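Next come the chains, spelled out residue by residue.
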Amino acid sequence: MKVFIPDPPILIQTPAQRAASIAVEQAEIAFQSGTFGVGGLMIDNETTNVLALARNQVFANRQIVDPTGHVERQLVDWYYQQINAGAKLPNPEDITIVSSLDPCVMCCGAMLEAGFNVISVARDERAGVTYKALGDFSAVPVFLRSRARRKMAYFGVRGDRRRPYNGPRNAIFAGHYIEKNLVDRSSATFANSLKSVDIANRFVPGIENLKSLATVNRNGPLWAKLKKCSPHLQSLGLNAGQSVNANLAKLLLAESAKAKARGAGANAAALIAPDGYVLHVATDAKDKSPVRGAFMELTRGYAILRAEAGKPGTRYLPHPRHCKIVLLHGPGKDAIGFMQLGAVGSTMEGPVPPENRDWLTYLIPMQTKAELQKMVAALPPMYRRDIQVWPVQTDDAGALRTCRL
């Protein structure tokens, strides 16, 4: 009898190994396509069937197409799209999202709000919610930590005593181990993608050649295109560098009222250009998905606006890091508030210029200043140190009077 030895060796995959492999494969495809190297999938806990695959979709062709296009956020929104279309899917608590990387603050908040479980392959020491150590949820606000411990897990790594399974005992892959090469592949893919995306970021237009929207011909095709993509594109009497006045407060309150009337939520957000022009306004869209908050709708909508405007439009539409962000309601003491802080940080795609002071402003507080500062101070390094996501309440008297504060 002749025995053949396979070359390379064949790995008999366990369900955990297979799920982790798919997530890492999706991450590698994302990297090859020119965006952040993160991938994942959604699994039915009872059958272990794969319900959906996802990979990072932030960048395409060296252009930001969806600043919120992270894996976990996409999967949560996909789930509710299917539910709203009449699909029969398990409840979120009976589903697990497998991610190649530790979730960022935005995705962690989204999954905790929606109720999904998650298990991750590799750590993220800059933006992951367990950046200090697996199982250390000190970056998560105290009021969410017990929920995070019930919902979030990390694969054990075969042969690595430093990486036992970490998570709840009733998780779909509780106690399961994966091969170390998957962790190494995931970490390397993400690290390499950060370098390539940083190169792509150099192609983001700077502010030095920016033109004011006030100079665009109101009867020309560019203005028509811009207004079609952003009906709120207008001047409200804001001075250069100013983010809030009574007129903007009235606009945000009016848009909030419309959103509440259709059951979409109460928050609204605006993006203000360096010259005081209102670039875009958006509201909550929780009638479509519970995690579609106002800022996430704002930054996604503005990315579409810039893409639709093309090269001529980019001369008038600065990158968000050069703009002012104004929220009607500040981040609250809940998963949505946590998600919102993460969304702001994740979608800047790099440091905010130091001269752009008070770039994140809110009108109506949803918690005390001390509580909000404590929440921000605990965020992973990328948010609090690199991008400096420190929201401040406006001191504009007219805006505060308009909101009756």
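Structure's up top.
Quantities reported herein were computed from a predicted structural model and do not represent experimental measurements.

Conventions we followed
- Residues numbered from 1 in each chain as written.
- Predicted model: local features only at pLDDT ≥ 70, side-chain atom pairs only at ≥ 80, totals over all residues.
- Heavy atoms only, no water.
- 1 Å grid on protein atoms, 1.4 Å probe; cavity = no way out; pocket = protein on both sides within 12 Å on 5 of 7 lines; lining within 4 Å.
- Points joined across faces, edges and corners; volume = space filled by probe spheres on them.
- Nonpolar A, V, L, I, M, F, W, Y, C, P; charged D, E, K, R; others polar.
- Helix = DSSP H or I, 4+ residues; strand = E, 2+ residues; numbered from the N terminus.
- Expected span 1.5 Å × (residues − 1).
- Buried < 20%, exposed > 50% of the residue type's maximum accessible area, 1.4 Å probe, protein only.
- Contact = heavy atoms within 4.5 Å.
- Polar contact = N/O pair within 3.5 Å; in protein donor to acceptor, adjacent residues only side chain to side chain.

**Student:** Mind showing me how you'd approach empty space enclosed by the protein here?
**Tutor:** A water-sized probe rolled over the atoms picks out the places where empty space is left. Under the criterion given, the structure shown has one cavity of 30 Å³ or more. In this model, the largest cavity occupies a volume close to 70 Å³. For the largest cavity, the full set of lining residues is Ile64, Pro67, Thr299, Tyr302, Ala303, Arg306, His319, Pro320 and Thr347. Taken together, the residues that form the lining of the largest cavity break down as five nonpolar, three polar and one charged.

**Student:** Please clarify how helix H9 (residues 335-346) should be interpreted in this entry.
**Tutor:** Along an α-helix, residues three or four positions apart point the same way, because every turn accommodates 3.6 residues. With twelve residues, H9 ought to run about 16 Å at 1.5 Å a step, and its terminal C-alpha atoms sit 16 Å apart, in line with that. Among the twelve residues of H9, twelve are classified as buried, and the element is accordingly described as predominantly covered. Turning to H9, its buried residues number three or more, namely Ala335, Ile336, Gly337, Phe338, Met339, Gln340, Leu341, Gly342, Ala343, Val344, Gly345 and Ser346.

**Student:** Which parts of the structure should I look at to understand the environment of Asp284?
**Tutor:** Considering the arrangement of structural elements, one finds Asp284 in the loop between strand S12 (277-283) and helix H8 (294-314). Given the relative accessible area of 5%, Asp284 is considered buried. Between the C-alpha atom of Asp284 and that of Ala264, which follows or precedes it by 20 residues, the distance is 5.6 Å. Not counting residues within four places of it along the chain, the set of residues in contact with Asp284 comprises Ala259, Arg262, Ala264, Gly265, Ala266, Asn267, Arg292, Gly293 and Ala294. Looking at Asp284, its side chain comes within polar contact range of the main-chain nitrogen of Ala266, at 3.2 Å.

**Student:** Is there a simple way to explain the layout of surface pockets in this structure?
**Tutor:** In this structure, the largest pocket spans a volume of roughly 550 Å³. Forming the walls of the largest pocket are 28 residues, and the residues nearest its centre are Phe36, Arg126, Leu194, Glu349 and Met382. Mapped onto the lining of the largest pocket, the elements with two or more residues apiece are helix H2 (71-84), strand S5 (95-101), helix H5 (180-201), H9 and helix H11 (381-387). Top contributing element to the lining of the largest pocket by residue count: H5, with five residues.

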